[in-house]
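As a plain string of letters, each chain reads:
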Amino acid sequence: MKPLTGRRGGSSPKTQRRWSPTAVLLRVLPAAALVALALAGPWITPHAVDEPVTAPFAEAGGGALLGGDQLGRDVLSRVLAGGRELVLSALLIAAVVTAAAAVIGAIGALRPTVGRVVERAADVLILLPAVLGIMLVALSWPGGGRLAVAAAAIVLGLPYAVRLVTHAAAPVAASGYVEAATAGGERLWFLVVRDVLPNLRATLLALLGLRFVEAVYVVSMAGFLQVGPQPPAADWALMIRENSPGILLNPWAVLAPSIAVGLLALSVNLAAAALVPQTGRKAVTLL
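Residues numbered from 1 in each chain as written. Predicted model: local features only at pLDDT ≥ 70, side-chain atom pairs only at ≥ 80, totals over all residues. Heavy atoms only, no water.

By the naming in an unreviewed UniProt entry, the chain goes by ABC transporter permease subunit and is assigned to Streptomyces liliiviolaceus. In the Subcellular location (unreviewed entry) part of its UniProt record, the chain is described as follows: "Cell membrane". Listed in UniProt under the heading Sequence similarities (unreviewed entry), the comment for the chain reads: "Belongs to the binding-protein-dependent transport system permease family." (UniProt positions renumbered as here; feature names shortened; annotations may be inferred.)

Caption draft 1: Expanded view of the overall build of the chain. Broken down by element type, the chain carries 12 helices and zero strands. Secondary structure of the chain in N-to-C order comes out as α-α-α-α-α-α-α-α-α-α-α-α. Contacts in the chain between residues at least 24 apart in sequence constitute 74% of all its contacts with a sequence separation of at least 6. Carbon and sulfur atoms make up 69% of the accessible area of the chain, which totals about 13900 Å². (Helix = DSSP H or I, 4+ residues; strand = E, 2+ residues; numbered from the N terminus. Contact = heavy atoms within 4.5 Å. Areas by Shrake-Rupley, 256 points an atom, 1.4 Å probe, with all protein chains shown as cover.)

Caption draft 2: Spatial organisation of the pattern of salt bridges. Inspection of the entire model under this criterion finds four salt bridges. D69 is the partner of R78 in a salt bridge, and the nearest nitrogen-oxygen pair spans 3.5 Å. For the pair shown, R78 and D69 are each scored as buried. One salt bridge in this structure joins R146 and D235, with 2.9 Å as the shortest N-O distance. A residue pair is termed long-range when its members are at least 10 positions apart, and R146 in helix α6 (residues 145-173) and D235 in the loop between α9 (201-224) and α10 (236-243) qualify at 89 residues. The buried category is assigned to D235, whose relative accessible area is 5%. (Salt bridge = Lys/Arg side-chain N within 4 Å of Asp/Glu carboxyl O. Buried < 20%, exposed > 50% of the residue type's maximum accessible area, 1.4 Å probe, protein only.)

Caption draft 3: View of the UniProt feature "transmembrane region" (unreviewed entry) in the chain. Per the UniProt record, "transmembrane region" (unreviewed entry) is annotated on residues 24-44, 86-110, 122-141, 147-165, 204-227 and 247-276. When the span residues 24-44 is considered, its composition is 81% helix and 0% strand, and the gap between its end C-alpha atoms is 29 Å. When the span residues 147-165 is considered, its composition is 100% helix and 0% strand, and the gap between its end C-alpha atoms is 26 Å.

Caption draft 4: Examining the side chain of S89 more closely. Locating S89 in the fold gives a position in helix α3 (residues 84-110). Beyond its immediate stretch of four places on either side in the chain, S89 contacts R146 and V219.

Caption draft 5: Spatial organisation of unusual backbone geometry. Cis geometry marks the peptide bond from P231 to P232, where omega comes out at 5°. Along the chain, P232 turns up in the loop between α9 and α10. Of note, the phi angle at F57 is positive, near 55°, even though the residue is not glycine.

Caption draft 6: Quick peek at the nonpolar core. Core analysis: the largest hydrophobic core is formed by 60 residues, its most contacted members being I93, I134, L200, W236 and L264. When residues of this core are assigned to their parent elements, the largest contribution, 14 residues, is made by α6. (Core = buried A, V, L, I, M, F, W, Y, C linked by side-chain atoms within 4.5 Å.)

Caption draft 7: Expanded view of the packing of α6 against α9. Following both chains from N to C, one finds α6 and α9 inclined at 155°, their axes separated by 10 Å at the closest point. It follows from the interaxial angle that α6 and α9 lie roughly antiparallel. Pair α6 / α9 crosses with right-handed handedness. Contact with α6, carried on its side by V149, A153, G157, Y160, A161, L164, V165 and A168, involves T203, L204, L207, R211, V218, V219 and A222 of α9 and no other residues of that element. (Axes fitted to C-alpha atoms, helices over the stretch in contact; angles between N-to-C directions. Parallel < 35°, antiparallel > 145°, perpendicular 65-115°, else oblique. Left-handed = near helix turned anticlockwise from the far one by under 90°.)

Caption draft 8: Summary view of the side chain of R73. Of note, R73 is situated in the loop between α1 (21-40) and α2 (75-81). What R73 contacts, discounting residues up to four positions off in sequence, is V49, D50, E51, P52, V53, G67, G68, R78, P232 and E242.

Caption draft 9: Structural context of helix α7 (residues 176-183). Along α7, the residues classified as buried are Y177, V178 and A181. Down the axis of α7, the buried side of the element spans an arc of 100°, and every buried residue falls inside it. Of the exposed residues in α7, the ones pointing more than 90 degrees away from its buried face are G176 and A183. Positive phi appears at G185, one or two residues downstream of α7, with a value of about 90°. (Arc of directions from axis to C-beta.)

If you want it as structure tokens, here you go:
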């Protein structure tokens, strides 16, 4: 990967976006609309999410547009209310992982000895399967709920993110102006904040989008395993697990939350790909 720039805090001509403004808008709007609907969902439900309104696994119709779940609760209301916690958890995980990886990766690029130690530690943690990591955190932190799942997702997502940022920051750390600043006695935090991170904006934005999609996957998997949200909470992954025995009676009880999770991950991924400049996409793809 070629150096991103030769100027402090500058941007390379290759950072120009490929998408036209209209194309970017078309790719960002679905994600923004879906996230906004998930965040506002609990306030616009037609029925209470924890009270039966029809027969268990009743077909769509009448007062329940998508039918009833295993206890006769309105599926549409629970789908509308079940995405906010997932979106907020994924946003928190993606932001923490990206911020921590940016700082650790930049330090690793500026201090090769530290970088080698960080990479070896990341290599070990990457070998830990996501499911096993979540189960270990859940067993060691009983009652941790969503906070325990978020902690596990951050720990599991950080090694890959650190390695990516370290490799992306290496050309910047080896550039002439950074070496001149280092020889001039600039402090490490100054080099990280003023010289390295401004040149990694595209990579970090791409990483944020990838970490959000990964967080949606990890949090949804934890919910399906009933690690985190517990019944009778309205949660998309929990709904899939609870209503799978009645999928032949009312398919919407399983299909609706499944489609919601898939659309959320797909739309956010498309939006991030459209917003990231070309160099950011290239860096993430190469690594």
